[in-house]
Amino acid sequence: MSDFFKRLFKKNKDVKEEKLAEDNVKEPDAQEDEEYLSDEEIEKLIIEEMDQEDQEISEEKEEEPKTEAEEEAEETENKGSFFKKLKDGLFKTRKNITDRLNSVISSFKSIDEDLFEELEEILITSDVGVETTMRLLDGVRKKVKEEKVSDPKAVIDLLKDEILALMSENVEPPKNEYPQIIVVIGVNGVGKTTSVGKIANRYKKAGKKVLIAAADTFRAAAIEQLEIWSNRVGVDIIKHQEGSDPAAIIYDAISAAKSRKTDVVICDTAGRLHNKKNLMEELKKIFRVIDREYPEANREVYLVLDATTGQNAIIQAKVFKEAADITGIVLTKLDGTAKGGIVIAIKSELNIPVRLVGVGEKIDDLQEFNAVDFVNALFSE
């Protein structure tokens, strides 16, 4: 496009010089009025520029499609990149748990109850939780006895295996069935609205048609923030003014989704735990609308939790479980906390799978959770 303006201004200069030569007139001073291209000449230049851009776009489309091997290589590269982000994001948690475990293990020459007490203290103070810690160490004790393990260093691998088994227990992969409606819940300040935008981006990049429903009508900032996200991601949004009935917005969003043949509807909701009764009634009303108006849709309910809050996240989850059948956890700010042990506690105490984790502030830093990658990153050197 910059060449277009160069041509335009050059053309303007050429035309002016030709006219001055024909009239045998000296070029006027800069202060005098300049002559401009005619409308016909400008239109001709614009058409030429558009034809050139169309040709460039056409050439781009004619590029050879990626082979299956190239797609697999790209997927492997992306996975490796995410594992690095996860490993880097778990740096504080790893120092809080793994480094302390290694330090304690190295000070023991045999496996005894004193060692288990030290391990217990490390896990509990790392937000793994009392109940989960007891469950994990009971499993380690059992294996030590069955396998007649005597080297304290082997305890780390046994603990790693116990954590992985716990994280993988009764976890079904998310259903990729469409149409789909995702209701995103959580208290204010955990990154809920931002997560809605990032989830929309994931589906948009996967080739799905996405619609956002801005049903957190108690905060004008939430509506404005979602509108920015919808423009950034390039998806539709249904919104009403501040103070509107959230269930009415969900109703309008479902109607719009049906008429526009939308694949995924993502609903933001309010998160005012200080007004627990009204919040729970509001969520129940939203679910009644979905049951009545969109029974054919696959429904997911994602609870957004802030990893930096540690055990408070468990308390929040228990409150929301009273009003919603939560199908997955979105854990934000995992990269900025030493309390990553909460991931293990959530799965153990609530039996709710972690679906997505935030390991950065960029739009692509909300990634699908993988238990094997998490445990490997947690215990990596």
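Refer to the preceding data block for the structure.
Attention in this report is confined to the structure presented alongside it. Computed from a predicted model, the values in this text were never measured in an experiment.

1. Points about the packing of helix α9 (residues 192–205) against helix α10 (residues 220–233)
For any two helices packed against each other, one specifies the inter-axial angle together with the distance between the axes.
Now for step 1: It is the contact of α9 with α10, at a shortest axis distance of 9 Å, that shows an interaxial angle of 20°. In terms of their interaxial angle, α9 and α10 are classed as roughly parallel. Read as a crossing pair, α9 and α10 show a hand that is right-handed. Contacts between α9 and α10 involve Thr193, Thr194, Val196, Gly197, Lys198, Ala200, Asn201 and Lys204 from the first element and Ala222, Gln225, Leu226, Trp229 and Val233 from the second.

2. Quick word on the pairing of strand β7 (residues 354–358)
Consecutive residues of a regular strand have side chains that alternate between opposite faces of the sheet.
Now for step 1: Counted residue by residue, β7 has five buried out of five residues, so it is predominantly covered.
Now for step 2: In the sheet, strand β6 (residues 328–332) pairs with β7 via three bridges, with the strands oriented parallel. Paired with isoleucine 329 across the bridge in β7 is valine 354.
Now for step 3: Crossover β6 to β7 through helix α14 (residues 342–350) is right-handed.
Now for step 4: Pairing between β7 and strand β8 (residues 366–368): three bridges, direction antiparallel. Bridge pairing in β8 links leucine 356 to glutamate 368.

3. With respect to the sheet that holds strand β4 (residues 264–268)
Now for step 1: Sheet architecture is open: eight strands sit in the order β3-β2-β4-β1-β5-β6-β7-β8, paired in mixed fashion. In this open sheet, the two edge strands, each paired with only one partner strand, are β3 (236–238) and β8. The mean angle between the axes of side-by-side strands here comes to 25°, regardless of whether they run parallel or antiparallel.
Now for step 2: Across the sheet, α9 lies against β1 (180–185), β2 (210–214), β4, β5 (298–306), β6, β7 and β8, angled at about 170° from β4, the strand it touches most.

4. A short note on the packing of aromatic side chains
Now for step 1: Going through the model one piece at a time under the given rule, you end up with one aromatic pair.
Now for step 2: On the numbers, 5.5 Å between centres and 50° between planes, the contact of phenylalanine 369 with phenylalanine 374 is tilted.
Now for step 3: We classify phenylalanine 369 as buried; its relative accessible area is 13%.
Now for step 4: Over the ring of phenylalanine 116 we find arginine 141; its NZ or CZ atom is 4.6 Å from the centre of that ring.
Now for step 5: In this structure, lysine 208 is placed above the aromatic ring of tyrosine 178, and the distance from its NZ or CZ to the ring centre is 4.3 Å.

5. Quick notes on the layout of surface pockets
Now for step 1: Its boundaries defined by the atoms lining it, the second largest pocket holds a volume of some 250 Å³.
Now for step 2: Lining the second largest pocket are 14 residues, with Glu172, Pro173, Thr327, Pro353 and Arg355 sitting closest to its centre.
Now for step 3: For the lining of the second largest pocket, the per-class residue count stands at four nonpolar, four polar and six charged.

6. Quick look at unusual backbone geometry
Glycine aside, residues mostly have negative phi, and peptide bonds are mostly found in the trans state.
Now for step 1: Omega for the peptide link from tyrosine 178 to proline 179 comes to 5°, which places this bond in the cis form.
Now for step 2: If you trace the backbone, proline 179 turns up in the loop between α8 (154–168) and β1.
Now for step 3: Its identity as a non-glycine residue notwithstanding, lysine 261 has a phi of 55°, on the positive side.
Now for step 4: Looking at where lysine 261 falls in the secondary structure, it is placed in the loop between α11 (246–259) and β4.
Now for step 5: For lysine 261, a relative accessible area of 69% puts it in the exposed group.
Now for step 6: Of note, asparagine 351 is a non-glycine position whose phi angle comes to about 55°, a positive value.
Now for step 7: Mapping asparagine 351 onto the fold places it in the loop between α14 and β7.

7. A word on the pattern of salt bridges
Now for step 1: Tallied over the entire structure, the rule returns 16 salt bridges.
Now for step 2: One salt bridge in this structure joins aspartate 99 and lysine 95, with 3.6 Å as the shortest N-O distance.
Now for step 3: Accessibility expressed as a relative area gives 36% for aspartate 99, which makes it partly exposed.
Now for step 4: For lysine 95, a relative accessible area of 44% puts it in the partly exposed group.
Now for step 5: In this structure, aspartate 306 engages lysine 333 in a salt bridge whose closest nitrogen and oxygen atoms are separated by 3.2 Å. A residue pair is termed long-range when its members are at least 10 positions apart, and aspartate 306 in strand β5 and lysine 333 in the loop between β6 and α14 qualify at 27 residues.

Procedures and definitions
- Residues numbered from 1 in each chain as written.
- Predicted model: local features only at pLDDT ≥ 70, side-chain atom pairs only at ≥ 80, totals over all residues.
- Heavy atoms only, no water.
- Axes fitted to C-alpha atoms, helices over the stretch in contact; angles between N-to-C directions.
- Helix = DSSP H or I, 4+ residues; strand = E, 2+ residues; numbered from the N terminus.
- Parallel < 35°, antiparallel > 145°, perpendicular 65-115°, else oblique.
- Left-handed = near helix turned anticlockwise from the far one by under 90°.
- Contact = heavy atoms within 4.5 Å.
- Buried < 20%, exposed > 50% of the residue type's maximum accessible area, 1.4 Å probe, protein only.
- Pairing = 2+ DSSP bridges.
- Right-handed = clockwise from strand over helix to strand, strands pointing away.
- Phe/Tyr/Trp six-rings, centres within 6.5 Å; stacked < 30°, edge-to-face > 60°.
- Lys NZ or Arg CZ within 6 Å of the ring centre and 35° of its normal.
- 1 Å grid on protein atoms, 1.4 Å probe; cavity = no way out; pocket = protein on both sides within 12 Å on 5 of 7 lines; lining within 4 Å.
- Points joined across faces, edges and corners; volume = space filled by probe spheres on them.
- Nonpolar A, V, L, I, M, F, W, Y, C, P; charged D, E, K, R; others polar.
- Salt bridge = Lys/Arg side-chain N within 4 Å of Asp/Glu carboxyl O.

Bear in mind that shape data such as this cannot, by itself, settle questions of function.
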